[in-house]
Amino acid sequence: MSDDFKEVSENYTLPEAIREAQRCLHCKVPGCRKGCPIGNDIPDWIAELAKGNFGNAMKIINNRSNLPAVCGRVCGHERQCEGNCVLARKGEAIHIGKLERFVADFDSEAGLSHEAIPEKSRGRVAVIGSGPAGLTIAGDLSRQGFAVQIFEMESEPGGVLTFGIPEYRLPKEVVRREIRKIENLGVIFHLNTTIGRTFTVDDLFARGFDAIFMGTGTGRPKKLDITGIDHPGVRQAIWFLRRVSLYQSGLIGREEVVIGEGDKVAVIGCGNTAIDAARTAIRMGAAEVSVIYHRGIDRMSALRAEYDDAVAEGVRFMWNSSVINIEGGEGNRLRQVTVECDGTRTDMPLDRLILAVGSAPAARIVSSTDGIDVDNHGYVLTRESPYGMTSRRGVFAGGDVTNRPATVVHAMQDAKRVAEGIARYVDAIKLVDSL
C-alpha cells in the first residue's frame, strides 16, 4: 500500500497519554459525558488512565462501546465530547478521542482484556449487516447472554467501517481487531450471505431465531436531476471508496478504481464522505480535485478538521455552487461540467465526477418479506416500544436504514436502544412460552 494511505493521525506515546489524562478536571457534572451520544463514562476511564490502570480504563469503556478504537479515530469529537469539555472554552479541551484510541490500541497490543463469555441461554438473535449498528447490537446482546449470528453480504465484515472510510483515517486492521473482539464474545459471522437472496427473513425465523435485526444501511444512491448524470464518468462516492478498499486488499486491479494519474476530479457534496472521496482521489493520483457545494462553508456537514486537512492536501472548495450540466467526452471520461455560482455559469474541464449526496435503503429485504412497512422514501418504519421493532413482529431495524443516524457513533447510539428493545421483546416471548 502507498505511503499516501498511511494513517494521518499519530497515536500518543504512553507518557504523552498519561500527561494528557492528568489534565482532566473530573467535573462533577461532566459535559463530555453529556456530549457523547452513547454516554461513555469519560471522566471515570480517564481517571484510571491517569493512574496507569489501563485494564480498568478499558473495562469502563467496554461497558458502553463495542468499537473504541474506531470511535477514537472517526467520531466527531469536536462537536461531541471534546466540544462539551469545560476546558474547550479556553481552547484547551482534553483530547478525548485520541486518549480513547490510545487505550483501545494499548489494550489490544498488550492483550490485557479477556472478557468472560456469558452462557448463551436468553435467546437467539440474527443480525443482518455488520456495520456499526450491527456490530453494536451483536456485542451488546452477546454480553447479555444472547446467541447472536451476523449475516453479511460482503466477503469481509465491517460495512462502512471496512469499505467506506479510507485507510488513512481508519486502518482496516483496526476494524478487523475490533471485530475479532466481538467474535471472541461468541458471535458467529456468515459472510457472502445476502438476506433477501441467499436467505429470506422467513428462512431465518424457520432456523429458530427469536428476533432479527436489520442493519443494512443505505445501499441505493440518491440521484440528482442534472443533464448527463447517467454518464459512466459519474460515480457514487461510496462506490469509489469501496473500489479503492478492494484495490488495496488486492481483490481488483488498479484500472478498476477508475480515477487515475493526472485526472481532473470534482465531488458534489460537502459531508465527511465527500471529503473522504476528495482526499482519496488525490491519493490515487488526481491532478486536481474540487468539492462543489450548493451552500456556504458554515452549512457544510463535514467536520472542520476534515475540511482543514483537505485544504492542506490541495483540495479546492467551490461554495454556493451547483453543477447544472454534464458533458461526456471520449470513452468513459467526461469533457466538462457547467457550474453555476451566484447566477454566473462557468464551463469546468473535468475527467470524473463523484456524487456524495446521500443514499437510500435498498429494497431487497423489504421486497422479500411480508409485513415490513416503509415510508415514501423507502426507510423502514419502527416503533417506540419495544424500541426499534418494525411492523413485522420480531423484526427490528436501526441505523441508516431507518433514517435516524448520521455518523458511526449515532448509529451505535441508536443500535444500543434497539438492543434493549430486542432483549425486552425476547424475554417477554420466552416468559409467555413458559406459562
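The structure reproduced in this document is the subject of the present report. Keep in mind the model is a prediction, meaning the values are calculated, not measured. (Residues numbered from 1 in each chain as written. Predicted model: local features only at pLDDT ≥ 70, side-chain atom pairs only at ≥ 80, totals over all residues. Heavy atoms only, no water.)

## With respect to the state of the cysteines
Heads up, the rule is: Here, two cysteine sulfur atoms that lie within 2.5 Å of each other are counted as a disulfide. Each residue is assigned to one of three classes by its accessible area relative to the maximum for its type, calculated with a 1.4 Å probe on protein chains only: buried under 20%, partly exposed between the two thresholds, exposed over 50%.
Throughout the structure, instances matching the rule amount to 0 disulfides. There is no disulfide at Cys 27, and the cysteine sulfur nearest it, in Cys 24, is 6.5 Å away. Residue Cys 27 is classed as partly exposed on the basis of its relative accessible area of 31%. Take Cys 75: it sits in no disulfide, and the sulfur closest to it among the cysteines is that of Cys 71, at 3.9 Å.

## Section: the sheet that holds strand β6 (residues 234-236)
Selection criterion: Should DSSP find at least two bridges between two strands, the strands are regarded as paired. Secondary structure is summarised from DSSP: a helix means a run of H or I of at least four residues, a strand means a run of E of at least two, and numbering begins at the N terminus for each. Think of each axis as a best-fit line through the C-alpha atoms, taken over the contacting stretch in the case of a helix, with angles from 0 to 180 degrees between the N-to-C directions.
Strands sit in the order β6-β13-β7-β8-β9 across an open sheet of 5 strands; the sheet is parallel. Two strands lie at the open edges of the sheet, namely β6 and β9 (316-318), each paired on one side alone. Here the average twist between neighbouring strands, direction ignored, is 25°. Relative to strand β8 (residues 288-292), strand β7 (residues 264-268) runs parallel, the two being bridged by 5 bridges.

## Considerations on the pairing of strand β2 (residues 146-151)
So the rule is basically this: With the strands aimed away from the viewer, a crossover counts as right-handed if its path from the first strand over the helix to the second runs clockwise.
The buried fraction of β2 amounts to 5 of the 6 residues, a majority that puts the element mostly inside the structure. Bridging between strand β1 (residues 123-128) and β2 involves 6 bridges; their strand directions are parallel. The partner of Val 125 across the bridge, within β2, is Val 148. With helix α7 (residues 132-143) bridging β1 and the parallel β2, this β-α-β connection has right-handed handedness. Where β2 lies against strand β3 (residues 188-190), 3 bridges are found, and the strand directions are parallel. In the strand pairing of β3, Gln 149 is matched with Ile 188.

## Let's talk about the side chain of Arg 169
Selection rule: What qualifies as a polar contact is a pair of N or O atoms within 3.5 Å, subject to a donor-acceptor requirement within protein and to the restriction that residues adjacent in sequence count only when both atoms come from side chains. In this description, contact between two residues means that some pair of their heavy atoms is separated by no more than 4.5 Å.
When you line up the elements, Arg 169 lands in the loop between α8 (160-163) and α9 (172-183). With a relative accessible area of 9%, Arg 169 lands in the buried category. A polar contact is formed between the side chain of Arg 169 and the side chain of Asp 276, at a distance of 2.8 Å. Setting aside chain neighbours within four positions, we find Arg 169 in contact with Glu 7, Arg 73, Val 74, Asp 276 and Glu 306.

## As for the pairing of strand β13 (residues 352-355)
Burial along β13 is two-sided: the face carrying Arg 352 and Ile 354 and the face carrying Leu 353 and Leu 355 are both buried. The pairing of β6 with β13 spans 3 bridges and is parallel. Paired with Arg 235 across the bridge in β13 is Ile 354. Pairing analysis gives 4 bridges linking β7 to β13, with the strands arranged parallel. The residue of β13 that forms the bridge with Val 267 is Ile 354.

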